[in-house]
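# Observations on the three-dimensional arrangement
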Amino acid sequence: MRTSTLLGLLAAVAAAPAAQAFDFGMPSTFRGFRVEGNVGGDRFQSQAIHTDKFGYGGTAGFDGVFADRIVVGAEASYWTANKGSENNSAGLNGGLVHDKSFEEFGGAIRAGYLITPKLLIFGKGGYVNSEQRKSFNPTTNLFYVNGNIVGPERGYYNHIHTDGFQGGGGVEYSLTDMFYVNAQYVYSGYADHTARQRIMAGAGVRFK
């Protein structure tokens, strides 16, 4: 999934306020508990192929402000592609391999810098766990190596939860003391050699 649009937005945000002066002595809106909803594009990758779908989820977290400009916090997140996301690829000796991803739960540390009192640029990293289904449907009961039959080929069906890591970043803007919007990119890499990329928009509420 291309990230050039988000990177361009980050560069424009960083450059725009360079010549302006802001009063960072005022109380920041980027502190306290927050809850937000997220929607966007989901790309699930496995077996060197990918599937793009619409996804949605939510985030809950807490932020603190240090030295007027530094925002640090922790968050928990939920994400899923609409009706799951599935990749189908050919087996080495025929048949079809199915990799399907369902829900992802995560926890992350977020750290950012206030470009203006209302505009935050941030990065984050942490842990994720993904519910997945892996299965194989053979087209024959025989397993071949170099044209020779070496044994039976059997199908399988596994329902698993795989751990992994997440990393990403984005921008966030305070509309009021309570309401905010953001845009972010997040990459998740799982222990079973699958991965997910997300480009998301979010809208949330802060509770002071």
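Residues numbered from 1 in each chain as written. Predicted model: local features only at pLDDT ≥ 70, side-chain atom pairs only at ≥ 80, totals over all residues. Heavy atoms only, no water.

### Details of the side chain of Gln197
Put simply, the test is: To qualify as a helix, a DSSP run of H or I must reach at least 4 residues; to qualify as a strand, a run of E must reach at least 2; elements of each kind are numbered from the N terminus. For every residue, the accessible area (1.4 Å probe, protein chains only) is compared with the maximum for its type, and the residue is labelled buried under 20%, exposed over 50%, or partly exposed between those bounds. Whenever two N or O atoms come within 3.5 Å, that pair is a polar contact, provided that in protein one can donate a hydrogen and the other can accept it, and provided that, for residues adjacent in sequence, both atoms are side-chain atoms.
The topology assignment puts Gln197 in strand E10 (residues 195–207). Residue classification places Gln197 among the buried residues on the basis of a relative accessible area of 11%. Among the polar contacts listed, one links the side chain of Gln197 to the side chain of Tyr185, at a separation of 2.7 Å.

### Here's the deal with the confidence of the model for the protein chain
Test applied: pLDDT is a per-residue confidence score from the predictor, ranging from 0 to 100. In what follows, a contact means two residues having at least one pair of non-hydrogen atoms within 4.5 Å.
A residue-level look at the protein chain finds 77% of positions with pLDDT of 70 or above and a mean pLDDT of 83. Taken element by element, the protein chain is modelled with least confidence in helix H1 (residues 4–15), mean pLDDT 42, and with most confidence in strand E9 (residues 179–190), mean pLDDT 98. Contacts for the low-pLDDT stretch residues 2–21, under 50 throughout, to residues beyond four places or in other chains number 16 contacts.

### A word on the pairing of strand E1 (residues 32–46)
Which entries qualify depends on this criterion: Strand pairing is defined by DSSP finding a minimum of two bridges between the two strands.
Two elements, E1 and strand E2 (residues 49–66), share 15 bridges in a ladder whose sense is antiparallel. Note on E2: the bridge partner recorded for Gln45 is His50. Hairpin remark: E1 followed by E2, antiparallel, with two residues in the connecting loop; positive phi at Gln47, about 50°. As paired strands, E1 and E10 are joined by 13 bridges and run antiparallel to one another. Following the sheet pairing, Arg34 is matched in E10 by Arg206.

### Considerations on the environment of Thr29
Counting through the fold element by element, Thr29 comes out in the loop between H1 and E1. For Thr29, a relative accessible area of 7% puts it in the buried group. In this structure, the C-alpha to C-alpha distance between Thr29 and Phe179, residues 150 residues apart in sequence, is 9.2 Å. Beyond its immediate stretch of four places on either side in the chain, Thr29 contacts Pro117, Ser174, Thr176, Asp177, Arg206 and Lys208.

### Some thoughts on unusual backbone geometry
Among all residues save glycine, negative phi is the norm, and among peptide bonds the norm is trans. At Ala48, a residue that is not glycine, the phi angle is positive and equals roughly 65°. Mapped onto the elements of the fold, Ala48 is located in the loop between E1 and E2.

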